[in-house]
Amino acid sequence: MLEIKDLKVSYGSNTVLRGINLTAEEPAVYGVAGLNGSGKTTLFGAISGYIKREEGSIMIDGRKILRGDTGYLMTENYFYSNITGNEYLNIFRQTNDNFSKEKMNELFKIPLDDIIETYSNGMRKKLALLALLKQERRVYLLDEPFNGLDMESCKAVEIVINALKEKGKTVLVSSHILETLTGTCSKIHLLKDGIIHDTFGTGEYDSLKSELFEDFVKTADETIRQSV
Amino acid sequence: MELIKIRLIQIRREAKLLGAIYSAAILTLFVFAVYRVYLMYLNFNTAAAAALLTALSVLFVQLTRGDKVFVLSQMENPNLKIFAEYSFFLTPFILPALFTPHFYFVPLVLAAVYAVTRVRYRFRRRTRLSALGKIITPRNFEWLGGVRSYRISFLSLYAAAAVSSGIIVLPQIFLILVTLVIASFYRECEPLNILYETAESPRKFLFGKIQRHVILLWAFFAPVLAINSFVNPSFLIINAVFLFVQSTILVLGILFKYKIYEPCCKLPGNEIYLAVIQTLTVLPFVMGGIPFLLPLPFFLCIKYYFSASDNLKEYLNA
């Protein structure tokens, strides 16, 4: 069980997370929705230890979460200069026995012998995903995993998420495109004003949509129609 | 003017990052270079060489600049803007020519620069030394990326050391320069997932990395020094101490990186700092002087180890 209590994160005087409380009781796929700047990436960064938290606790099965518990796919991944995709993957120890780089790359078609600087954004994301899957983790944090991917790769990521769920993993997925979440998640948490504003189950996604967009659409419709 | 403004902002930022002393040193070198170019323009042959060199340098920049596609596709009058940018930064190098008998090179250089701005071809990045991953394991990614990035200086200096390995002092001087090139491998900070992968605690992490990288250094340096000691048996002890000191300089480079490590950041160069240490300690020793500063790198390693360890505690499960 993943349990986040009163998590607060600030960048200088700008408080981004004001007290996140989130519990993932059973292994499943949980969505984190929110507008740009709502703090989705900060939340994932804080859970994985990439971003320092100011206050609050993150526990996994009753103990403090450790670095090795989480696998984090960032929105934009940074790789070391002048190393090839193959070399990058070989930096990581294989702790997931089922993982086969060759088989996965038949699907992803990454030129693994080339240096990563020559890759497109989509290829970089797929490479980072392969590195993530090479290792067995308790919790997977996928921040905007569909961004920059072609249609086939989007489908592949969707299958990856479902396979992780079937394997009994807890997966947190963030996206600003709601449809990508509703297809895969059993619950979606709405992040707003630095807190979990509301949580929606599978039957409640229409309410989530109206919660997110209703006010905006009213104003935007008028403004955009006048400007276009 | 937009491109010039952007470059000036970048220069200001770099200068801030380098600090006052390095910036002053670079400024001094710049002034010296301008004066040298002026002297070149006084003689016809050297003036022609200076003009050619200037045009070729601009061509190289034009071929390799990363923002070319953006500038050409998104800006109005891109060629004119690129020309203004190049001319602005070349002014200190071409303007002094106006005060020499060979002033006519100025319009010639400017015409060449304008022609260069029309070049749209761009070098595609290729994987150099692709088999390197078989010799150096990916866990030593600094060396993998570093040897590829600095392949010309690293390989040529190492080849010079190897070729001169039978001669007294010369291979050691080349190896000192190779160590400084290796120190540049540590200018890039790896992302956290790679950092986590290597070890759990700062102590294990630092000792593991130092051990692996010192072995790599020895693998490169030991053959050269072995031949040198075989040909000049009186240098055996000197070479052994030399290898030890070069190892501590490398360790210093590693500790310097982790002392100020920040995930995914490029660090300011530590080569000048290490070059000063090399000059103070190793050179007098190899050249037969009194090596009273020889233990300096070792003591600095101890000092830096604690600050590197403290900094890493922020990122690892300490």
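Above this text sits the structure in question.
In this report, the structure presented in the accompanying data block is examined. Not measured: the values here are computed from a predicted model. All chains use their own residue numbering, which begins from 1 and follows the written sequence. Whichever chain is written first is A, and whichever ligand is written first is 1; the rest continue in order. Confidence filtering applies because this is a predicted model: local features only for residues at pLDDT of at least 70, side-chain atom pairs given and counted only at 80 or more, and all residues used for totals across whole chains, interfaces and linings.

Observations concerning helix 12 (residues 202–231) of chain B
Residue and element names in this part refer to chain B.
Consideration 1: Secondary structure elements follow DSSP: runs of H or I no shorter than four residues count as helices, runs of E no shorter than two count as strands, and numbering proceeds from the N terminus. Expected span of a helix: the number of residues minus one, times 1.5 Å. Taking 1.5 Å per residue as the helical rise, helix 12 with its 30 residues ought to reach 44 Å, and the 42 Å between its terminal C-alpha atoms agrees with that figure.
Consideration 2: The largest bend along helix 12 reaches roughly 40 degrees and is located at phenylalanine 221, with the proline proline 223 sitting one to four residues downstream.
Consideration 3: Exposure classes come from backbone-placed C-beta atoms, where a residue is buried if 20 or more other C-beta atoms lie within 10 Å of its own, exposed if 12 or fewer do, and partly exposed in between. Listed in full, the buried residues belonging to helix 12 are Pro202, Phe205, Leu206, Lys209, His213, Leu217, Phe221, Val224, Leu225 and Asn228.
Consideration 4: The contact criterion used here is simple: two residues whose C-beta atoms, placed from the backbone, lie within 7 Å are in contact. Turning to helix 12, the residues buried within the fold contact helix 9 (151–163), helix 10 (170–183), helix 11 (192–198), helix 13 (236–259) and helix 15 (296–313). What we call the bend at a residue is the angle made by axes fitted to the seven residues finishing there and the seven residues starting there.

Notes on the pairing of strand 8 (residues 170–175) of chain A
Residue and element names in this part refer to chain A.
Consideration 1: Burial analysis of strand 8 places six of its six residues in the buried class, the great majority of the element.
Consideration 2: The alternating pattern of strand 8 places Thr170, Leu172 and Ser174 and Val171, Val173 and Ser175 on opposite faces, both of which are buried.
Consideration 3: Here strand 3 (residues 29–33) pairs with strand 8 via five bridges, running parallel. Bridge pairing links valine 32 to serine 174 in strand 8.
Consideration 4: The pairing criterion for strands is at least two bridges between them, as found by DSSP. Here strand 7 (residues 139–143) runs beside strand 8; their pairing, made up of five bridges, is parallel.

What to know about the sheet that holds strand 3 of chain A
All names here are of chain A.
Consideration 1: What the six strands build is an open sheet, ordered 6-7-8-3-9-10; its pairing is mixed. Each of the sheet's edge strands pairs with one partner strand only, and the pair in question is strand 6 (70–73) and strand 10 (195–201). The mean inter-strand angle of the sheet, taken between neighbouring strand axes irrespective of direction, is 20 degrees.
Consideration 2: Two elements, strand 6 and strand 7, share four bridges in a ladder whose sense is parallel. Of the residues in strand 7, the one forming a bridge with tyrosine 72 is leucine 141. What counts as an axis is a line fitted to C-alpha atoms, over the stretch in contact for a helix, and the angles between N-to-C directions run from 0 to 180 degrees.

Structural notes on the interface of chain B and chain A
Consideration 1: Between chain B and chain A, the residue contacts involve 20 residues of the former and 20 residues of the latter.
Consideration 2: The set of elements that each furnish at least two residues to the side of chain B that touches chain A consists of helix 8 (141–149) and helix 11 of chain B.
Consideration 3: In this classification, the charged set is Asp, Glu, Lys and Arg, the nonpolar set is Ala, Val, Leu, Ile, Met, Phe, Trp, Tyr, Cys and Pro, and all remaining amino acids, among them Gly, are polar. Residues that form the side of chain B that touches chain A fall into these classes: eight nonpolar, six polar and six charged.

Here's the deal with the nonpolar core
Consideration 1: Counting 111 residues, the largest nonpolar core has Leu141 and Val171 of chain A together with Val178, Leu252 and Leu255 of chain B as its most contacted members.
Consideration 2: Top element by residues in this core is helix 13 of chain B. It accounts for eleven residues.
Consideration 3: Once you skip the residues sitting within four places of it in the chain, leucine 141 of chain A turns out to touch Phe44, Ile47, Ser48, Thr70, Tyr72, Leu73 and Leu172 of chain A. Joined through C-beta atoms within 7 Å, a set of buried Ala, Val, Leu, Ile, Met, Phe, Trp, Tyr and Cys residues constitutes a nonpolar core.

Brief notes about the packing of helix 12 of chain B against helix 13 of chain B
Residues and elements named next belong to chain B.
Consideration 1: Interaxial distance between helix 12 and helix 13 falls to 9 Å at its minimum, and their mutual angle equals 150 degrees. In terms of orientation, helix 12 and helix 13 fall into the roughly antiparallel class. Considering only the axes of helix 12 and helix 13, their crossing is right-handed. Within the contact between the two elements, helix 12 uses Leu206, Lys209, Ile210, His213, Val214, Leu217, Trp218, Phe221, Ala222, Leu225, Asn228 and Ser229 and helix 13 uses Leu236, Asn239, Phe242, Leu243, Gln246, Ser247, Leu250, Val251, Ile254 and Tyr258.
Consideration 2: The residue inventory of the contact of helix 12 with helix 13, partitioned by class, reads 15 nonpolar, six polar and one charged. Oblique is the label for any angle not covered by the other classes, which are roughly parallel (under 35 degrees), roughly antiparallel (over 145) and roughly perpendicular (65 to 115). Less than a right angle of anticlockwise turn of the near helix away from the far helix marks a crossing as left-handed, whereas a clockwise turn marks it as right-handed.

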